[in-house]
Amino acid sequence: MTNADPHELQKFSDLAHRWWDPNAEFKPLHELNPVRLNWIDSQAHLAGKRVLDIGCGGGILSESMAELGASVKGIDLSTQALGVADLHSLESGITVDYEEIAAEALAAREPETYDVVTCMEMLEHVPEPAAIVAACAKLVKPGGWVFYSTLNRNLKSYLFAVIGAEYIAQMLPKGTHDYERFIKPSELAGFIRTAGLHTAGIKGIVYHPLTKHFALSDDTSVNYMMACRRGA
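The numbering scheme is per chain: residues are counted from 1 as the chain's sequence reads. The model is predicted, so local features are restricted to residues of pLDDT at least 70 and side-chain atom pairs to those at 80 or more, both for listing and for counting; the totals for chains, interfaces and linings are taken over all residues. Derived side-chain values reflect all non-hydrogen atoms in the structure, with water molecules and hydrogen atoms excluded from consideration.

Asker: Outline the overall build of the protein, listing residues and values.
Answerer: Each helix corresponds to a stretch of at least 4 residues labelled H or I by DSSP, and each strand to a stretch of at least 2 residues labelled E; elements are numbered beginning at the N terminus. When helices and strands are tallied, the protein shows 8 helices and 8 strands. Radius of gyration means the value over C-alpha atoms here, while the globule rule gives 2.2 Å times the residue count to the 0.38 power. Taking 232 residues into account, the globule formula puts the C-alpha radius of gyration at 17 Å, and the protein, at 16 Å, falls close to it. Counting only C-alpha atoms, the protein reaches 45 × 40 × 35 Å along its principal axes. Residue contacts are defined here by distance: any two heavy atoms, one from each residue, within 4.5 Å place the two residues in contact. A sequence separation of at least 24 residues applies to 69% of the contacts in the protein between residues at least 6 apart. Carbon and sulfur atoms provide 55% of the accessible area of the protein, an area that totals close to 10,500 Å². Neither His nor the chain termini are counted; the positive set is Lys and Arg, and the negative set is Asp and Glu. Charge positions are represented by NZ for Lys, CZ for Arg, CG for Asp and CD for Glu. Taking the average place of the 20 positive charges on the side chains of the protein and the average place of its 29 negative ones, the gap between the two points comes to 6 Å. Each accessible area is a Shrake-Rupley estimate made with a 1.4 Å probe; only the visible protein chains count as cover when residues are assessed.

What follows is the structure, encoded as structure tokens:
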């Protein structure tokens, strides 16, 4: 069985045509993207690297990494989102190889193939996040980098990411997140160790309402990113 929730896939597929509208439902992704991209590049030095973006959606991060000189493949299970990603790639002239395939299936087909693997804001939307982490570990080359971003699970993250972002500020569509699927950093670190990776760094991402900008932080209580390495 595919490690995907049909309801979650449909939710994002229904909004796929608005993926590249910086003022629509995916506005937070557009605003988050430079912060994530800069941190990933500062660790893994993307230029010339072979990169896989798991759960790429409409391709916002995929295209950005390709712009920095990486050879990028983006995978997702939403036909609609990948259609939008392909179309935008043609319009922008930025080459990304997109494919509709599960991470676990690609790991079986292309083990130890990628210098860098990214998996942004996806783990909290799948039934078995540990299986995705394990697939990432198989896909990355020895010595390579894997990056995850997800949401912590605590009262503050519920108030900020669900009540605040979805219902008060309306930065995200209602129902975007299921709090029960949020993942504590300790839980993600456990998945990472079990998969044979080791944690190389963790950063929080905070939103400043006055400037309306996201920034890196040592506060991992809501949004956070984790960088991992596979042993050489």
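Following the structure, the description resumes.
Asker: Talk me through the environment of Lys-11; I want residue IDs and the actual numbers.
Answerer: Structurally, the position occupied by Lys-11 is in helix α1 (residues 6-14). Placed 54 residues apart in sequence, Lys-11 and Met-65 show a C-alpha to C-alpha distance of 26 Å.

Asker: Describe the pattern of salt bridges, and please don't skip the residues or the numbers.
Answerer: By definition here, a salt bridge exists when the distance from a side-chain nitrogen of Lys or Arg to a carboxyl oxygen of Asp or Glu is within 4 Å. Counting across every chain of the model gives 11 salt bridges. A salt bridge links Lys-141 to Asp-115; its shortest N-O distance comes to 3.2 Å. With Lys-141 in strand β5 (residues 140-151) and Asp-115 in strand β4 (residues 114-120), the pair connects residues that are 26 residues apart, well separated along the chain. Overlapping salt bridges bring together Lys-73, Asp-97, Glu-99, Arg-109 and Glu-110 as one network.

Asker: How would you summarise the side chain of Arg-36 if you had to cite specific residues and measurements?
Answerer: Looking at where Arg-36 falls in the secondary structure, it is placed in helix α2 (residues 27-44). Discounting residues that sit within four places of it in the chain, Arg-36 has contacts with Leu-29, Met-120, Glu-121, Ser-149, Ile-205 and Met-225.

Asker: If you had to explain unusual backbone geometry to someone new, which residues and values would you point to?
Answerer: If you check the backbone angles, Glu-112 has positive phi at about 55° while not being a glycine. By relative accessible area, Glu-112 is classed as partly exposed at 41%. One non-glycine residue, Glu-121, lies in the positive phi region at around 50°. With respect to the secondary-structure elements, Glu-121 resides in the loop between β4 and α6 (129-139). The exposure class of Glu-121 is buried, given its relative accessible area of 17%. Note on classification: 1.4 Å probe, protein chains only; a residue is buried when its accessible area is under 20% of the maximum for its type, exposed when over 50%, partly exposed between these limits.

Asker: I'd like a rundown of the pairing of β5, residues and numbers included.
Answerer: Along any regular strand, the residues point their side chains to alternate faces of the sheet. Counting buried positions along β5 yields 9 of 12 residues, so the element is predominantly enclosed. Pairing of β4 with β5, which is carried by 6 bridges, proceeds in the parallel orientation. Residue Cys-119 lies in a different strand from β5, and its bridge partner there is Tyr-148. Here, the term right-handed applies to a crossover whose path from the first strand over the helix to the second runs clockwise when the strands point away from the viewer. Regarding the hand of the β-α-β motif, the stretch spanning β4, α6 and β5 is right-handed. By the bridge criterion, 7 bridges tie β5 to strand β8 (residues 223-230) in an arrangement that is antiparallel. When the bridges of β8 are listed, Trp-145 appears paired with Arg-229. Think of it this way: DSSP has to see at least two bridges between two strands before they count as a pair.

Asker: Account for the sheet that holds strand β3 (residues 97-100), naming residues and giving values.
Answerer: Reading across from one edge, β3-β2-β1-β4-β5-β8-β6-β7 is the order of the 8 strands in this open sheet, with mixed pairing throughout. Each edge of the sheet is formed by a strand with only one pairing partner; in this case those strands are β3 and β7 (213-217). For this sheet the average axis-to-axis angle between neighbouring strands, irrespective of direction, equals 20°. For every element, the axis is a line fit to its C-alpha atoms; helices are fit only across the contacting stretch, and the angle between N-to-C directions ranges from 0 to 180 degrees. Here helix α4 (residues 79-92) sits on the sheet in contact with β2 (71-76) and β3, set at roughly 165° to β3. The strands that helix α8 (residues 185-194) touches are β5, β6 (197-208) and β8; relative to β8, the one it contacts most, it runs at about 20°.

Asker: Could you give an account of the packing of aromatic side chains, naming the residues involved and the relevant values?
Answerer: Whether two aromatic rings pair depends on their centres lying within 6.5 Å, for rings of Phe, Tyr and Trp, where Trp uses its six-membered ring; planes under 30 degrees apart make the pair stacked, over 60 edge-to-face, and the rest tilted. Inspection of the entire model under this criterion finds 6 aromatic pairs. Taking the centre distance of 5.9 Å and the plane angle of 80° together, the rings of Trp-39 and Phe-147 count as edge-to-face. Remark: Phe-147 occurs in strand β5 and Trp-39 occurs in helix α2; sequence separation between them is 108 residues. On the basis of relative accessible area, Trp-39 is assigned to the buried category, the value being 7%. An aromatic cluster is defined as three or more aromatic residues linked by ring pairs; in this entry it consists of Phe-12, Trp-19 and Phe-26. Working rule: Lys NZ or Arg CZ, within 6 Å of ring centre, within 35 degrees of ring normal, means a charge sits over the ring. Above the face of the Tyr-114 ring, Arg-50 is positioned so that its terminal group lies 5.2 Å from the ring centre.

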